[in-house]
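Listed here are the chains, written in short residue letters.
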Amino acid sequence: MDADTKPTTTRAVRRSTRTPAKSPKSSAVATAAPPESPAAGSKRKARGPAGKTPAEKLEYLLTNPKSKLTKVDISVGLLFEVVNYTNFLELSEEAQNRLCALLPPTAFSTYSPSVCPTHPDSTLSSDSAQHGADRMDVDDAHAERIPATLDPTVFTSPFFLSAAHTFQDHLFSGWLGKKASDDLETFKEGVRTGQMHADWKDDAWERDHHQPLRSTTSKKKRTESADLVGLVKRGLLQQGDILAYKRSFPALNVTVEKDVLLSAGIQIDRIVPETHYITGYLLSPGTVKSLPPTLLVNGSQECDTKVLSIGDVADPVALERGVLDVDGRVRPSDKYEQDAAAVAAATGPSADPAEVQGQVKNLIAVKAWKSFTLWRWREEMKNQTELQVVQERGGRERVATLFYLRSCCVGS
C-alpha cells in the first residue's frame, strides 16, 4: 500500500510545480492578437453597421435598392405571417391610425359600394350626383378610416399581396430612394418654371429613328412630294382651306398664332413650265390672329377690313418666314438661334460642324411643316353660309398638320 501511494504523491507534486510548456500555436495567437484598447474598439464599432441609428437602418431597409427586402420571396404565407391583423392590434394607437390613413376606403367595414350617380337607382340627390359624376367611390376623402372599423380580411386579400410585390419592384428599381425623389421634384419645378419639358412623341421618334426622305429617280416627283404644290395636286390642300400657324419662342416669351387662307391654287410659269407655286395666301396684318369673318364664308371674295397676301410660295419654310415678317415680333435671326441651340443641345460640342449645319436646316424645315395645321369644311357644312359667319374659322374643322400630310404624300 505504501509503495503504491508514494509514486502517486510524487507525481502530484511534480505536476503542481512544473510550468506547462506553451505550444507554438498559442504563442502565435498571443503575439498576433494583443489586447486592444477600448478606444480602438469604439472607433471600429462606430465605422461598422452597428453605428447606425434605428431610424437610419429603417430608412436603408425601406429605400435602398440593395435592401434585403428586394431578395425576400414575398409569398402568401410569409406575408400573412408577418403582416396580419393580430400584429396590427399589437401596435400603438398612433401607429394604427397612421396605417389606416394609408388604406383605401374599401378596406373598412363602413364602406358601402354604390351604383353610378347617374343611374336611376342611385340614392344620391341630383345636386350631389352632378357634383360626384366624375369621381370614383374609392377616392372619397370623407370616408371614416379608424382601426375599429378596419376589415381584418384586408390582410389576406390578393390585392394586398399584389401591392407588396409592387412595393418590392419599386424598391429594387430605386424609385423609393432620395435620388429618384430629388429628380422628380427637379422635373416638377422645371415644368412649373418653364425651364424643362417632356419631349413630344414625334420629336423623340425622329431623334431615335432619323431617316432621310425617299430618293426617287424622278426629280419632278421628288419636288412634288416635298412641297405644298404636291399636296395641292393630290387634293390634300384645296382652295378655301385655312392653314393655322402656331409656334412658341421661349427665349422671347412669344407665341405667334396666325390664320392663313388659301384663296387660289397652282399657277404654272409660262416661261419655265417646270416651275410651280401657289398664289393667294391671305392673312391679317400685324399680330392679329384671325381673319375677318366675312372672308371666311364659302365663295366670298369681298372683305370690309384690310388683309395682306403672300404669293409665289410653295415651301412651308418660306410661308413661315412671311408669316413672321407680317407679325413682326420674331426676327429671322432669333428663330435661327433657337433652332441652332436645339440642335447643339442634342448633338454636343464634339459634333462635326457640317453635320450640325445640315441638322439645323432639317430642323427648320420640320418645324415649319409642324407649325401649320389644316382646317377644312366638312361636305355638309360647305353651303351653310349663315352658320359659317358666326363660327370660328368659318365652321371649318381641324384635319391634320402639314407634317402629317407630307408623310402621307411621300409614302404614297
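Residues numbered from 1 in each chain as written. Predicted model: local features only at pLDDT ≥ 70, side-chain atom pairs only at ≥ 80, totals over all residues. Heavy atoms only, no water.

Here we take up the pairing of strand β1 (residues 242-249). Among the eight residues that make up β1, six are buried, leaving the element largely enclosed by the rest of the structure. Relative to strand β2 (residues 254-262), β1 is paired through eight bridges, and the arrangement is antiparallel. Looking at β2, one finds that A244 is bridged to D259. Judged from the four bridges that link them, β1 and strand β7 (residues 372-376) form a sheet pairing that is antiparallel. Residue Y245 lies in a different strand from β7, and its bridge partner there is F372. (Buried < 20%, exposed > 50% of the residue type's maximum accessible area, 1.4 Å probe, protein only. Helix = DSSP H or I, 4+ residues; strand = E, 2+ residues; numbered from the N terminus. Pairing = 2+ DSSP bridges.)

Glancing now at the nonpolar core. For soluble globular proteins, nonpolar side chains are generally found buried alongside one another. Counting 32 residues, the largest nonpolar core has L228, L231, L237, L243, Y281, L319 and L402 as the members making the most contacts within it. For this core, the elements supplying multiple residues, two or more each, are α13 (228-233), β1, β2, β5 (281-283), α14 (316-327), α16 (353-371), β7 and α18 (402-411). (Core = buried A, V, L, I, M, F, W, Y, C linked by side-chain atoms within 4.5 Å.)

It is worth spelling out the confidence of the model for the protein at this point. As a note on interpretation, predicted positions should not be read in detail where pLDDT is low. For the protein, per-residue confidence averages 76 on the pLDDT scale, and residues scoring 70 or more make up 72% of the total. Across residues 23-33 the pLDDT falls below 50, and counting only partners more than four positions away or on other chains, this stretch makes one contact in the model. Contacts from residues 125-134, a stretch scored under 50 in pLDDT, to residues over four places away or in other chains number three contacts. (pLDDT = per-residue confidence, 0-100. Contact = heavy atoms within 4.5 Å.)

A positive phi angle is found at N253, which is not glycine, with a value near 55°. As for its placement among the helices and strands, N253 is situated in the loop between β1 and β2. In this structure, R393 is a non-glycine residue whose phi angle is positive, near 55°.

Once that is clear, we can look at the side chain of T149. For T149, the location among the structural elements is in the loop between α8 (126-131) and α9 (158-173). Take T149: its relative accessible area is 12%, and that puts it in the buried class. Polar side-chain contacts of T149 include one of 3.2 Å to the backbone oxygen of I146. Ignoring anything within four residues of it in the chain, the contact list for T149 reads F108, S109, T110 and E144. (Polar contact = N/O pair within 3.5 Å; in protein donor to acceptor, adjacent residues only side chain to side chain.)

With that out of the way, let us pick up the packing of α14 against α16. Where α14 meets α16, the axes come as close as 8 Å, and the angle between the chain directions of the two elements is 70°. One way to sum up the angle between α14 and α16 is to call them roughly perpendicular. Here P316, V317 and E320 of α14 lie close against α16, whose contacting residues are I364, A365, A368, W369 and S371. Looking at the contact of α14 with α16 residue by residue, the classes come out as six nonpolar, one polar and one charged. (Axes fitted to C-alpha atoms, helices over the stretch in contact; angles between N-to-C directions. Parallel < 35°, antiparallel > 145°, perpendicular 65-115°, else oblique. Nonpolar A, V, L, I, M, F, W, Y, C, P; charged D, E, K, R; others polar.)

Evaluated as defined, the whole model comprises 16 salt bridges. Its salt-bridge partner being D339, residue R247 comes within 2.6 Å of it at the nearest N-O pair. With R247 in strand β1 and D339 in helix α15 (residues 332-347), this residue pair connects regions lying 92 residues apart in the sequence. Take R247: its relative accessible area is 7%, and that puts it in the buried class. Judged by its relative accessible area of 2%, D339 is buried. Among the salt bridges present, the one from D334 reaches R331, with a minimum N-O distance of 3.2 Å. Several salt bridges converge on common partners, so that one network encompasses R247, E320, K335 and D339. (Salt bridge = Lys/Arg side-chain N within 4 Å of Asp/Glu carboxyl O.)

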